[in-house]
Amino acid sequence: MARRKIYSNLNKIGQYRPDHVDGQTLYKVFQCLNPDCTEMITVKKDDIDEDYSIICPKCGYEHYSGGEQHLFDFSMDVNNDSGEAVSVQEGEFVVSHDEYIENAPLYKYCLICSTLKPIEYFHKHAVLKSGGQGECIICKTNYNAINIELK
């Protein structure tokens, strides 16, 4: 399908785009699983392969393929007919690193404002690698408003 004919050209005078802003790279963003750490970690989605190892830059905690974070031990107790608590299950409550990172939200950089935003802040565009347009909804709306004023 041919692209539509260009009807205007917006000259972006003085626009600065840092090298890390490409508009198509997706990132996983998640908090470090170390309970004593509050660091938010940003990793390129393509860098998370089957043998990944992600080190928290603040505390050094390693998130790795097949790893788990032990949160607590548990005992599930129920009352029997005489009212006594009887343990019916015991174990460890853990969070799998693989599941945690897989469920981390996707982010990408806006080509206009150069900020990292959730993928939901971009209109869908199936042809592009990231699945979303290069400009966030706010910037795209402002850009389109300039074109409307010309008409």
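This text goes with the structure placed above it.
What this report covers is the structure whose coordinates are included nearby.

Calculation notes
- Residues numbered from 1 in each chain as written.
- Predicted model: local features only at pLDDT ≥ 70, side-chain atom pairs only at ≥ 80, totals over all residues.
- Heavy atoms only, no water.
- Helix = DSSP H or I, 4+ residues; strand = E, 2+ residues; numbered from the N terminus.
- Buried < 20%, exposed > 50% of the residue type's maximum accessible area, 1.4 Å probe, protein only.
- Contact = heavy atoms within 4.5 Å.
- Areas by Shrake-Rupley, 256 points an atom, 1.4 Å probe, with all protein chains shown as cover.
- Pairing = 2+ DSSP bridges.
- Axes fitted to C-alpha atoms, helices over the stretch in contact; angles between N-to-C directions.
- Patch = residues over 30% accessible without salt bridge, like charges linked within 9 Å, V, L, I, M, F, W, Y side chains within 5 Å.
- Salt bridge = Lys/Arg side-chain N within 4 Å of Asp/Glu carboxyl O.
- Phe/Tyr/Trp six-rings, centres within 6.5 Å; stacked < 30°, edge-to-face > 60°.
- Lys NZ or Arg CZ within 6 Å of the ring centre and 35° of its normal.

1. What about the overall build of the chain?
Working step 1: A count of helical and extended segments in the chain gives two helices and eight strands.
Working step 2: N-terminal to C-terminal, the α/β element order of the chain is β-β-β-β-β-β-α-β-β-α.
Working step 3: Relative to its 151 residues, the chain shows a buried fraction of 29%.
Working step 4: Partitioning the intrachain contacts of the chain with sequence separation of at least 6 by distance along the chain shows that 46% fall at a separation of at least 24.
Working step 5: Of the roughly 10900 Å² that the chain leaves accessible, carbon and sulfur atoms contribute 50%.

2. Thoughts on the environment of His-125
Working step 1: Examined against the element boundaries, His-125 turns out to sit in the loop between β8 (116–118) and α2 (137–150).
Working step 2: Overall, His-125 belongs to the partly exposed group, its relative accessible area being 28%.
Working step 3: In this view, His-125 contacts Gly-131, Gly-132 and Gln-133; residues no more than four positions away in its chain are not counted.

3. Details of the sheet that holds strand β2 (residues 40–44)
Working step 1: Strand order across the open sheet formed by four strands is β2-β1-β7-β8, with antiparallel pairing between neighbours. Unpaired on one side and paired on the other, β2 and β8 mark the two borders of the sheet. In this sheet, adjacent strand axes meet at a mean angle of 40° when their direction is disregarded.
Working step 2: Two strands pair when backbone bridges link them, and strand β1 (residues 27–31) and strand β7 (residues 106–109) are joined in this way by two bridges, in the antiparallel orientation. Within β7, the position partnered with Lys-28 by the bridge is Leu-106.

4. Considerations on a nonpolar patch on the surface
Working step 1: Taken together, the side chains of Met-76, Val-78, Val-86 and Val-88 make up a nonpolar region of the molecular surface, amounting to roughly 320 Å² of accessible area.
Working step 2: Listed by contribution, the elements that provide at least two residues to the nonpolar patch are β5 (68–79) and β6 (85–96).
Working step 3: Looking at the element boundaries, Val-86 is found in strand β6.

5. Quick word on the packing of aromatic side chains
Working step 1: Within this structure, the stated rule accounts for three aromatic pairs.
Working step 2: A ring pair is formed by Phe-30 and Tyr-100, whose centres lie 5.9 Å apart and whose planes are at 80°; its orientation type is edge-to-face. Linking Phe-30 in strand β1 with Tyr-100 in helix α1 (residues 97–102), this pair joins segments that are 70 residues apart in sequence.
Working step 3: Residue Phe-30 is classed as buried on the basis of its relative accessible area, which comes to 3%.
Working step 4: Here Lys-108 stacks its cationic end above the ring of Phe-122, 4.8 Å away from the centre of that ring.

6. Points about the pattern of salt bridges
Working step 1: For the structure shown, the criterion picks out one salt bridge.
Working step 2: A salt bridge links Lys-140 to Glu-135; the shortest N-O distance between them is 3.9 Å.

7. Here's the deal with unusual backbone geometry
Working step 1: Within the chain, Ser-114 stands out as a residue other than glycine whose phi angle is a positive 60°.
Working step 2: Within the secondary structure, Ser-114 is located in the loop between β7 and β8.

8. Section: the pairing of β2
Working step 1: Judged by which residues are buried, β2 turns out to be one-sided: Ile-41 and Val-43 face inward and are buried, whereas Met-40, Thr-42 and Lys-44, on the alternate face, are not.
Working step 2: Across five bridges, the pairing between β1 and β2 is antiparallel. Each bridged residue has a counterpart across the sheet, and for Gln-31 the counterpart in β2 is Met-40.

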